[in-house]
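# Chains, contacts and geometry: an overview
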Amino acid sequence: ESDHLVIQDVGIQSGSENVSVSGVISESNNEKLKVDLENFGTEILNPLLAVYGFNMSGTATGSAEISSLLSKPGITSQMQILDLAVYGDTLGNADIDMAFDSKKNEVDLKGTVDKDGNKSIEINGTYFILDPEDQMDFNIKMQKTSLGSFAGYAEGLISDLRGKASGELKLPIS
């Protein structure tokens, strides 16, 4: 009886988009499955993100490693997204590092968005997945960030959200 699956150099390519997968699927923290993305159009994720009322686009390049996929998975990823747009409004180029710890049920996130050579957004914090209040602890810094990107979150409350914002935000708001 086998308790793992070895995947070696599986790839999917369409034009310049490329997804490759190699590694081991098992219960072990020491065995990892690596997923590499190159020029991946993130729009394909929108049907999955619709559950959260989120819509994005951009071109992602980076990698993710998944351990213990057959028990309590852990995931780490480093991703760059060129021309990241949220709700059709381009924020800029994003660098995002993420780590998911299924034992703690939390996601640690660190990211920056660069727009025209300036860091327009910096985010650092933790999302507690199974917390009944959907708890998060994030520090967000914005510098001349377009508010149009956040229009989807304000839908039904505010119409025609536009302009730019600078400042620091702590979530949750106390």
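This write-up is about the structure you can find in this document. Predicted, not measured: the structure shown is a model, and the values here were computed from it.

## Section: the pattern of salt bridges
Throughout the structure, instances matching the rule amount to two salt bridges. In this structure, Asp36 and Lys34 form a salt bridge, with 3.9 Å as the shortest nitrogen-oxygen distance. The exposure class assigned to Lys34 is partly exposed, which follows from its relative accessible area of 34%. Its salt-bridge partner being Lys170, residue Asp137 comes within 2.4 Å of it at the nearest N-O pair. Here Asp137 is found in strand β9 (residues 136–146), whereas its partner Lys170 is found in strand β10 (residues 164–171), with 33 residues between them in sequence. Of the residues examined, Lys170 reaches a relative accessible area of 41% and is grouped as partly exposed.

## Description of the nonpolar core
In globular proteins that are soluble, nonpolar side chains generally tend to be buried together. Counting 17 residues, the largest nonpolar core has Ile81, Leu84, Leu91 and Ile140 as its most contacted members. For this core, the elements supplying multiple residues, two or more each, are β3 (32–41), β4 (56–67), β5 (74–86), β6 (89–101), β9 and β10. For this core, the element with the most residues is β5, which contributes four residues. When near neighbours in sequence (up to four residues on either side) are disregarded, Leu91 contacts Leu84, Ala85, Val86, Val113, Asp114, Lys115, Ser120, Ile121, Thr145, Ser146 and Ser149. By size, the runner-up hydrophobic cluster in this structure holds five residues, among which are Ile7, Val21, Ile25 and Leu33.

Each value, and the rule that gives it
Residues numbered from 1 in each chain as written. Predicted model: local features only at pLDDT ≥ 70, side-chain atom pairs only at ≥ 80, totals over all residues. Heavy atoms only, no water. Salt bridge = Lys/Arg side-chain N within 4 Å of Asp/Glu carboxyl O. Buried < 20%, exposed > 50% of the residue type's maximum accessible area, 1.4 Å probe, protein only. Helix = DSSP H or I, 4+ residues; strand = E, 2+ residues; numbered from the N terminus. Core = buried A, V, L, I, M, F, W, Y, C linked by side-chain atoms within 4.5 Å. Contact = heavy atoms within 4.5 Å.

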